[in-house]
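Next come the chains, spelled out residue by residue.
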Amino acid sequence: MTESLLNTNQLAAAIGRGPVYVWLMKRHGYRFLYGMRTTQKHALAWLAEHPEFRATQVKKSPKRTPKGLSPSIRFTSNVPKNVPEVGYFRLWS
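Definitions and cut-offs
- Residues numbered from 1 in each chain as written.
- Predicted model: local features only at pLDDT ≥ 70, side-chain atom pairs only at ≥ 80, totals over all residues.
- Heavy atoms only, no water.
- Helix = DSSP H or I, 4+ residues; strand = E, 2+ residues; numbered from the N terminus.
- Buried < 20%, exposed > 50% of the residue type's maximum accessible area, 1.4 Å probe, protein only.
- Contact = heavy atoms within 4.5 Å.
- Core = buried A, V, L, I, M, F, W, Y, C linked by side-chain atoms within 4.5 Å.
- Arc of directions from axis to C-beta.

**Student:** Account for the environment of T39, naming residues and giving values.
**Tutor:** Mapped onto the secondary structure, T39 falls in the loop between α2 (19-28) and α3 (40-49). What makes T39 buried here is its relative accessible area of 10%. Separated by 33 residues in sequence, T39 and L6 have C-alpha atoms that sit 5.8 Å apart. Leave out the neighbours within four places in its chain, and T39 touches E3, S4, L5, L11, Y30 and L33.

In structure tokens, the structure reads:
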């Protein structure tokens, strides 16, 4: 019997997890076999080979900052403080 190829959402449903779990698997090193598709058997084999994988322990990527700026610098709006606000918009004189 031939294994069917599954995308992220189909694989998540097949292994009883959510799509974010599959996305975190890929972030941890899992690679789909055929571009954007893989098999349930391959995914379960990868999970068996990586018992240390936990969706809550995947490290976040470092935050990107523009070149030459330290991460502690906060960006502020160029809108002057004395301009009155109307709803979400500021009125320019």
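**Student:** Explain the nonpolar core residue by residue, including any values.
**Tutor:** Counting residues in hydrophobic clusters, the biggest one holds 13 residues, and the most contacted among them are L11, I15, V22, M25, Y30 and F53. The leading source of residues in this core is α2, at 4 residues. Once residues within four sequence positions are removed from consideration, M25 is found in contact with I15, Y30, A43, W46, L47 and F53.

**Student:** Can you explain α2? Please cite residues and give values.
**Tutor:** Turning to α2, its buried residues number three or more, namely Y21, V22, L24 and M25. Burial along α2 is one-sided: seen end-on, the buried residues are contained in an arc of 160°. Where α2 is buried, its residues contact α1 (8-15) and α3. Phi turns positive, to about 130°, at G29, one or two residues after α2.

Any link to function would need more than the numbers given here.
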